[in-house]
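Descriptive structure summary
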Amino acid sequence: MNSFVIRTPCSSANIGPGFDVIGLALSLHLELHVTIDSSKSSSELPLNCAITYEDQSKSAEQISLDPEVNLITRVALYVLRCHNQRAFPVETKVHIINPIPLGRGLGSSGTAVVSGVMLGNAVGNLGLSKERLLDYCLMIERHPDNVAASLFGGFVGTYLNELKPEDVARKEIPLSEVLPSPAGGIDTGLEPPKPPMGIGHYRKFDWAPEIKAIAIIPDFVVPTANARNVLPESYSRADVVFNLQRAALLPAALGTSPPDPDMIFLAMQDRVHQPYRKTLIPGLTEVLQLMTPATQPGLLGICLSGAGPTILALATERFEEIADRIIARFASNNITCQWKLLEPANAGTTVSPN
Ligand SMILES: Nc1ncnc2c1ncn2[C@@H]1O[C@H](COP(=O)(O)OP(=O)(O)OP(=O)(O)O)[C@@H](O)[C@H]1O
Ligand SMILES: N[C@@H](CCO)C(=O)O
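Notes on the structure in this doc start here. (Residues numbered from 1 in each chain as written. Chains lettered and ligands numbered in written order. Predicted model: local features only at pLDDT ≥ 70, side-chain atom pairs only at ≥ 80, totals over all residues. Heavy atoms only, no water.)

So, the overall build of the protein chain
Of the regular secondary structure elements, the protein chain holds 11 helices and 11 strands. Its C-alpha radius of gyration of 20 Å places the protein chain within 12% of the 20 Å reference for a compact globule of 354 residues. The C-alpha extent of the protein chain, read off along each of the three principal axes, is 65 × 45 × 35 Å. Counting all 354 residues of the protein chain, 54% fall into the buried class. In the protein chain, 78% of the contacts between residues at least 6 apart in sequence involve partners at least 24 apart. For the protein chain, the separation between the mean place of its 28 positive charges and that of its 35 negative charges on side chains is 2 Å. (Helix = DSSP H or I, 4+ residues; strand = E, 2+ residues; numbered from the N terminus. Rg over C-alpha atoms; globule rule 2.2 N^0.38 Å. Buried < 20%, exposed > 50% of the residue type's maximum accessible area, 1.4 Å probe, protein only. Contact = heavy atoms within 4.5 Å. Lys, Arg positive; Asp, Glu negative; His and termini not counted. Charge placed at Lys NZ, Arg CZ, Asp CG, Glu CD.)

Description of the sheet that holds strand β9 (residues 311-315)
In spatial order, the strands read β8-β9-β7-β10; together these four strands make up an open sheet with antiparallel pairing. Each edge of the open sheet is held by one strand with a lone partner, namely β8 (299-304) and β10 (337-342). Ignoring strand direction, the axes of neighbouring strands in this sheet form an average angle of 20°. Across six bridges, strand β7 (residues 212-218) lies against β10 in antiparallel orientation. Residue pairing across strands places I217 opposite Q338, the latter belonging to β10. Each of β7, β8, β9 and β10 touches helix α11 (residues 319-331); the most contacted strand, β7, lies at about 25° to it. (Pairing = 2+ DSSP bridges. Axes fitted to C-alpha atoms, helices over the stretch in contact; angles between N-to-C directions.)

Some words on the packing of aromatic side chains
All told, the structure shown has five aromatic pairs when counted by the stated rule. Between Y78 and Y136, the ring centres sit 6.1 Å apart and the planes meet at 65°, which makes this aromatic pair edge-to-face. Residue Y78 is found in helix α1 (residues 71-81), and its partner Y136 is found in helix α3 (residues 130-138); the two are separated by 58 residues along the sequence. By way of ring pairs, the aromatic residues F155, F205 and W207 are connected into one cluster. Geometry around F242 places R246 over its ring, the cationic atom sitting 3.6 Å from the centre. (Phe/Tyr/Trp six-rings, centres within 6.5 Å; stacked < 30°, edge-to-face > 60°. Lys NZ or Arg CZ within 6 Å of the ring centre and 35° of its normal.)

Things to note about unusual backbone geometry
At the junction of S257 and P258, the peptide bond is cis and its omega measures out at -5° in the coordinates. P309 follows G308 through a cis peptide bond whose omega is 5°.

Here's the deal with the site of ligand 2
Taken together, A13, N14, F19, D20, H143, D145, N146, T224, R228, R277, G306 and A307 make up the full set of residues near ligand 2. In the environment of ligand 2, a nitrogen atom lies 2.5 Å from a nitrogen or oxygen atom belonging to the side chain of D20. N146 is positioned with one of its side-chain polar atoms (N or O) 2.7 Å from an oxygen atom of ligand 2. Coverage of ligand 2 by the protein chains reaches 98% of its 260 Å² of free accessible surface. Taken together, the elements giving at least two residues each to the shell around ligand 2 come down to β1 (2-14), β2 (18-36), α4 (144-152) and α6 (224-229). (Near = heavy atom within 4 Å. Polar contact = N/O pair within 3.5 Å; in protein donor to acceptor, adjacent residues only side chain to side chain. Areas by Shrake-Rupley, 256 points an atom, 1.4 Å probe, with all protein chains shown as cover.)

See below:
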């Protein structure tokens, strides 16, 4: 019997101006408890895999236990099929423990994708590096900020290479937002194509140890696809420069100890996505205007977490007071919230014996 645990941190993406670039892994982990009973020579299980799911996130969404449908095992099957393995090893059991609210801006889909590539890599004994696994993640979730933070950990900057013309021309590569169904394309028995090499890259930035992350999580869902659809196709030069100036400052601002509240507050401002997403998140405008270091001791900066609706507030102290003020503001819009005090998760995703 082989058994191991895959732990993958959630993430908060953008951190204000770093849209599709900057991500922060946070100390709320998805866990896969995997056992493989290789003493058996055959299995009655579909694709040799049985999923059980423990939802600690209180998300309303029902997660499929069909290995061909569940996002985590679909991703694992995609990685396996790219290496000519059609199914999981005989008698694979995956117990999923998920504390990450789905569709709230804490990178739950990116966390699921990363844990899926780690699962495929582990059960298939593929020996792929995290850098190569990032290519597989980016075939599924096209913005690198969440998946790179969950994969590598910490506070990261990411970028996508221009794909070579021959790779763009490869029609069989599913350069789409979601896996072709079923996972890894139609199971023709042929090995589907592996992703191009080096699609995306990352760099870790320093993080000042005094800075903690408060996630205020409203009780409604904003699917990322919807939150991306409300964004404009083009921007004014002034808005682009506004974000470039702040994104360039942000890593230094959050990596400097002791933190400078005025520099961090300014560096977390955005004109590329938050103004347009306010239509989806009642109260966002008021929250972003209400909370400043001048009006709230301990606060450093505040932004939408990923595509929202979660609010990320960075602070050095008075965490409950900050959370309560933001929760009260949402309550005036008849929205209830939960909140969590989190830290950067520096190890990224890990696999350890159980
Ligand atoms: N642990 C999981 N198991 C299976 N499917 C999951 C899991 N976590 C997320 N998903 C899928 O991902 C969807 C949420 O992805 P979405 O990108 O909309 O929000 P998010 O990733 O939580 O937030 P954001 O991308 O803004 O940080 C869920 O509706 C579900 O379909
Ligand atoms: N950069 C992505 C992150 C989603 O979590 C977006 O804002 O749509």
